[in-house]
Amino acid sequence: MDIPLLDPEELHLFVPGPREGLRLFLRHLPAQRRLTGPPRIVLYVHGATFPSALSVAHRFDGRSWRDELNDAGFDVWGLDFNGFGFSDRYPEMDAPAESNPPLGNAANAAEQVHAAVRFILAHHAAPKLSLISHSWGSMPMCRFAGMHPSLVDRLVLFGPIARREPGGHEVAPGIPAWRVVGIEDQWKRFLEDVPPGAAPVLSRAHFDDWAERYLDSDPDSRTSDPAGVKIPAGPSHDILRARNGQLGYEPSLVQAPIALIRGEWDGLCTDRDARWLFDAFSASPIKRDIKINRATHLMHLETMRHALYRESIVFLLAGDSPPSV
């Protein structure tokens, strides 16, 4: 498989996943400068609809979030979950969607995070690392962190999904194994939470460039009409369950410092959601709730993305604990 490099220094690796025969794809951008002390390592965990190349590693006007982390002294890793990007796809994705239950739920994805973390820590001969997640990715990331606290330094959750009280109806049965998300589906996500009359948060030119790369993430995307990317439906099923009182992990088990970062116009992570999560992470010794103005659920691709970059880096560099005596 010919996987294009997003940076001349980028490394591509395939590692065994928790399901026999299915590999996980990792991309690694080594730190260009080393700070004093142990290596600073961060793993990016993507959300429900697109992989790491289109999020932390995607460059707008020649610059990505990964570049900013890298310049701050971090070795930056990106994980593609099975069924996304260049990780192996579930065999069930070749069958009709209605033939199997939703693929790639938080429990299975947490095992994939664990496999990736074990490989990365062995690669660096390091005891722990930090993780960044987007949206649904907070579920497998925090499920992993709660089960393996000794492997985790710090966690950044941006646009995380919270548990909400059931709205008087159950999650609809018969959710398929996979679904197809098209270009216009993604474009609408950048528009739906922006208030009427407000300036756009993403230019159409930037989006069109991103959209071509999005279609490239699925070799069969352009064979359908309209073109779209086939992805596992487990993440969307998890989000529906969380909206009905069943979050995919127990926040009180997470023992690492946590930063919650959200947008002013994020309909999936409201003030109420962030308040619930902040309180639910009861075992975390350091917690921050950061709200960025003029940003939606996809802030890492929007005009206010640089604020997200800065806030995440400041938190990951620590310095908020008194020196040990």
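Before going into details, it helps to say that this report is about the structure given with it. (Residues numbered from 1 in each chain as written. Predicted model: local features only at pLDDT ≥ 70, side-chain atom pairs only at ≥ 80, totals over all residues. Heavy atoms only, no water.)

The helix and strand inventory of the chain stands at eight helices and ten strands. For the chain, whose C-alpha radius of gyration is 19 Å, the value lies close to the compact-globule estimate of 20 Å for 325 residues. A principal-axis box enclosing the C-alpha atoms of the chain has dimensions of 60 × 50 × 45 Å. Sorting the 325 residues of the chain into buried and exposed places 55% on the buried side. (Helix = DSSP H or I, 4+ residues; strand = E, 2+ residues; numbered from the N terminus. Rg over C-alpha atoms; globule rule 2.2 N^0.38 Å. Buried < 20%, exposed > 50% of the residue type's maximum accessible area, 1.4 Å probe, protein only.)

Below, the discussion takes up helix α2 (residues 106–124). Compared with the 27 Å implied by 1.5 Å per residue over 19 residues, the 26 Å span of α2 between its first and last C-alpha is a close match. Here α2 has its buried residues at A106, A109, A110, Q112, V113, A116, V117, I120, L121 and H124. For α2, the buried positions fall inside an angular range of 165 degrees around the axis, keeping them on one side. On the buried face of α2, the contacting elements are β2 (23–29), β3 (40–45), β4 (74–80), β5 (129–134), α3 (138–147) and α6 (234–242). Just downstream of α2 lies A125, where phi reads positive at about 55 degrees. (Expected span 1.5 Å × (residues − 1). Arc of directions from axis to C-beta. Contact = heavy atoms within 4.5 Å.)

As a packed pair, helix α4 (residues 183–191) and helix α5 (residues 204–216) sit with axes 11 Å apart at the nearest point and diverge in direction by 140 degrees. With respect to α5, the axis of α4 lies oblique. Our pair here, α4 against α5, has a crossing hand that is right-handed. Across from I183, E184, Q186, W187 and F190 in α4, the residues of α5 making contact are R204, F207, W210, A211, Y214 and L215. When its residues are assigned to classes, the contact of α4 with α5 shows eight nonpolar, one polar and two charged. (Axes fitted to C-alpha atoms, helices over the stretch in contact; angles between N-to-C directions. Parallel < 35°, antiparallel > 145°, perpendicular 65-115°, else oblique. Left-handed = near helix turned anticlockwise from the far one by under 90°. Nonpolar A, V, L, I, M, F, W, Y, C, P; charged D, E, K, R; others polar.)

Moving on, we get to the state of the cysteines. Scanning the entire structure with this criterion turns up zero disulfides. The closest cysteine sulfur to the non-disulfide-bonded C142 is located on C269, 12 Å from its own sulfur. (Disulfide = S-S within 2.5 Å.)

Where α2 meets α3, the closest approach of the two axes is 8 Å, and the angle between their N-to-C directions is 65 degrees. Judged by the sense of rotation from one axis to the other, the crossing of α2 with α3 is right-handed. Seen from α2, the contacting residues are A106, A107, A109, A110, V113, H114 and V117; seen from α3, they are M139, P140, R143 and F144. Residue composition of the contact of α2 with α3, by class: nine nonpolar, one polar and one charged.

For the rest of this paragraph, the subject is the pattern of salt bridges. The full count for this structure, using the stated rule, is 22 salt bridges. The salt bridge involving K291 is made with D271; its shortest N-O contact spans 3.2 Å. You can see K291 sitting in strand β10 (residues 287–292) and its partner D271 sitting in helix α7 (residues 271–280), a full 20 residues away along the chain. The class for K291 is partly exposed, based on a relative accessible area of 43%. One continuous salt-bridge network, built from bridges that share partners, spans R63, E68, D71 and R310. (Salt bridge = Lys/Arg side-chain N within 4 Å of Asp/Glu carboxyl O.)

As summarised here, the arrangement of the eight strands in space is β1-β2-β4-β3-β5-β6-β9-β10, forming an open sheet in which the pairing is mixed. Strands with a single pairing partner mark the edges of an open sheet, and in this sheet they are β1 (11–16) and β10. Across the sheet, the mean angle separating the axes of adjacent strands is 20 degrees when strand polarity is ignored. Where α3 meets the sheet, it contacts β5 and β6 (152–158), and its direction lies at approximately 160 degrees from that of β6. Along the sheet, helix α8 (residues 305–316) makes contact with β3, β4, β5, β6, β9 (258–263) and β10, crossing β6 at roughly 160 degrees. (Pairing = 2+ DSSP bridges.)

With that settled, consider the side chain of D266. Residue position: D266 is located in the loop between β9 and α7. The buried charged residue D266 lacks any salt bridge partner; its closest oppositely charged side chain belongs to R243, at an N-O distance of 6.9 Å. Only 2.8 Å separates the side chain of D266 from the backbone nitrogen of L268, close enough to count as a polar contact. When sequence neighbours within four positions are dropped, the list of residues in contact with D266 reads G159, D193, A295, T296 and H297. (Lys, Arg positive; Asp, Glu negative; His and termini not counted. Polar contact = N/O pair within 3.5 Å; in protein donor to acceptor, adjacent residues only side chain to side chain.)

This part takes up the side chain of S135. On the secondary structure map, S135 appears in the loop between β5 and α3. A polar side-chain atom of S135 sits 2.7 Å from a polar atom in the side chain of H297.

Here β3 lies mainly inside the structure; five of its six residues are buried. As paired elements, β3 and β4 share six bridges and run parallel to each other. Counted as the bridge partner of Y44 is G78 from β4. In terms of handedness, the path from β3 via helix α1 (residues 65–71) over to β4 forms a crossover that is right-handed. Relative to β5, β3 runs parallel, the two being bridged by four bridges. Paired with L43 across the bridge in β5 is L131. (Right-handed = clockwise from strand over helix to strand, strands pointing away.)

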